[in-house]
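# Observations on chain architecture
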Amino acid sequence: MKLLVLGGTHHVGRAVVEAALERGDEVSTLNRGLSRAPAPGVRPLLADRTDTESVRLALGDSEWDAVIDTWAWAPKVVRDSARLLSGRAGHYGYVSSRGVHRWPWPADADEQAPLVDGDPASTDDADYAAAKRGGELAVLESFGERALLARAGMILGPYEDVGRIPWWLRRLEKGGRVLSPALAHTPLQYLDVRDLATWMLRSAERGLKGAFTVTGPPGATTLGDLLTTALNVTGFDTELVWTPPELLLQHGLPLGMEFGLRLPDGSVPSGMHDADVSAALAEGLTTRPLRETLADTWAWLQAEGDPAPRADAPSPDTWLDAAAEQRLLDQLSH
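Predicted, not measured: the structure shown is a model, and the values here were computed from it. (Residues numbered from 1 in each chain as written. Predicted model: local features only at pLDDT ≥ 70, side-chain atom pairs only at ≥ 80, totals over all residues. Heavy atoms only, no water.)

Right, let's get into the overall build of the chain. Helix and strand counts for the chain stand at 11 helices and 13 strands. Compactness check: the chain gives a C-alpha radius of gyration of 20 Å against a globular reference of 20 Å for 334 residues, within 12% of the reference. Oriented by its inertia axes, the alpha-carbon framework of the chain measures out at about 70 × 40 × 35 Å. By the burial criterion, 51% of the 334 residues in the chain qualify as buried. (Helix = DSSP H or I, 4+ residues; strand = E, 2+ residues; numbered from the N terminus. Rg over C-alpha atoms; globule rule 2.2 N^0.38 Å. Buried < 20%, exposed > 50% of the residue type's maximum accessible area, 1.4 Å probe, protein only.)

The nonpolar side chains of a soluble globular protein tend to be buried, and buried together. Ranked by size, the top nonpolar core spans 36 residues in total, and within it W168, L172, L179, L223, L226 and F259 carry the most contacts. Contributing elements (two or more residues each) for this core: β7 (154-156), α5 (165-173), β8 (176-179), α7 (223-234), β13 (238-241), α8 (245-250), α10 (290-304) and α11 (322-332). Judged by nonpolar contacts, the second largest core, of 30 residues, contains V16, V42, A66 and I68. (Core = buried A, V, L, I, M, F, W, Y, C linked by side-chain atoms within 4.5 Å.)

So, on to helix α2 (residues 52-59). Turning to α2, its buried residues number three or more, namely S54, V55, A58 and L59. Buried positions in α2, seen along its axis, are confined to an arc of 130 degrees and lie on one side of it. Against β1 (2-6), β2 (26-31), β3 (43-46) and α3 (75-85) lie the buried residues of α2. At the exit of α2 stands G60, carrying a positive phi of roughly 60 degrees. (Arc of directions from axis to C-beta. Contact = heavy atoms within 4.5 Å.)

The calculated volume of the second largest pocket comes to roughly 250 Å³. Lining of the second largest pocket is provided by 17 residues; of these, T186, P187, L261, V268 and P269 occupy positions nearest its centre. Looking at the lining of the second largest pocket residue by residue, the classes come out as 8 nonpolar, 7 polar and 2 charged. (1 Å grid on protein atoms, 1.4 Å probe; cavity = no way out; pocket = protein on both sides within 12 Å on 5 of 7 lines; lining within 4 Å. Points joined across faces, edges and corners; volume = space filled by probe spheres on them. Nonpolar A, V, L, I, M, F, W, Y, C, P; charged D, E, K, R; others polar.)

Next up on the list: the environment of P104. Inspection of the secondary structure assignment puts P104 in the loop between β5 (92-97) and α4 (128-143). In this structure the C-alpha to C-alpha distance between P104 and P269, which are 165 residues apart in sequence, comes to 7.4 Å.

With that settled, the discussion passes to the sheet that holds β2. Read from one edge of the open sheet, 7 strands run β3-β2-β1-β4-β5-β6-β11, paired in parallel fashion. In this open sheet, the two edge strands, each paired with only one partner strand, are β3 and β11 (210-214). Taking the axes of each pair of neighbouring strands and ignoring which way they run, one obtains an average angle of 20 degrees across the sheet. Inspection of the sheet shows β2 paired to β3 by 4 bridges, in the parallel sense. Bridge pairing in β3 places S28 opposite R43. Strand contacts of α4: β5 and β6 (147-152), with the helix running at about 165 degrees to β5, the strand carrying the most contacts. (Pairing = 2+ DSSP bridges. Axes fitted to C-alpha atoms, helices over the stretch in contact; angles between N-to-C directions.)

Turning our attention to the environment of P264. Residue position: P264 is located in the loop between α8 and α9 (278-282). Given a relative accessible area of 68%, P264 falls into the exposed group. Measuring from C-alpha to C-alpha, the distance between P264 and L249 comes to 8.9 Å, with 15 residues separating the pair along the chain. With near-sequence residues (within four places) excluded, P264 lies in contact with L249 and M257.

This part covers the pairing of β5. With respect to burial, β5 is a largely interior element, 6 of its 6 residues being buried. Taking every second residue as pointing to the same face, both faces of β5 are buried, with Y92, Y94 and S96 on one and G93, V95 and S97 on the other. Judged from the 3 bridges that link them, strand β4 (residues 66-69) and β5 form a sheet pairing that is parallel. Paired with I68 across the strands is G93, a residue of β5. Tracing the backbone out of β5, into α4 and back to the parallel element β6 gives a crossover that is right-handed. (Right-handed = clockwise from strand over helix to strand, strands pointing away.)

These figures come from the coordinates and say nothing about function on their own.
Following this line, the structure appears as structure tokens:
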């Protein structure tokens, strides 16, 4: 395919670019050119997406078979880009989020669960759910039956800049006794970023349309699987102390929120790790082993160092009060 990736330097965008190059696609990227040099073989188009005129000039008169967009902020930016591309691209894949579903999420929810309201013309990104839904509506406005909305769950793997697995790997690296964010049998649902990228590219190639919940199969992984596998692939000499969430809450420790296992008030959210993904699986979504995801994430961290903290989220370094953690560890040792 001739592919245009809007973004292409961070997390999902970077994984999409690499997967497309491996497939032999002809890849263009559109971004400001500030974060990373373009990958070899990529045609870089330079523009600030918030400046519609600069995007128009960067696109020129080029055409593409497909576009993949990872934008997560003001919906108007998605709307303006989609309008510019509506007559020159055959398919528009938008990386959305399960967050577009109205809270509280029902257990075993699929694509039919209620949605939040969104405005494709909005310049506001303070409400992530509304912004992503606005982005979806912006894509549908211009591409309609040629649009794919990938409502992703928790995305792990190399290039993750949210602070989940990189933060945990660095924490485990320190050794000693480490509090867990919940008990070992707690279910987790996630998707490797590279599996998301591959599915979106294959879907673009065959013109798959509509909205899909895109994450791993429910019941396939637990928190115990995740953390013990992380220790196995790294070889760290660290003892995991499996901790009831109510004790973490009592000691003011936010562990668990990074995986969506609890909310700031300590309540356990419904529907977070049991989504029905049968539709995406039926359309070819595949998932790689957890061990591969964690080993490759650790290899990336060792090769490139920790990702820079995101501007729209608190630094992971501020998450945990070491003194409070030690007090709970001391309590649990008696």
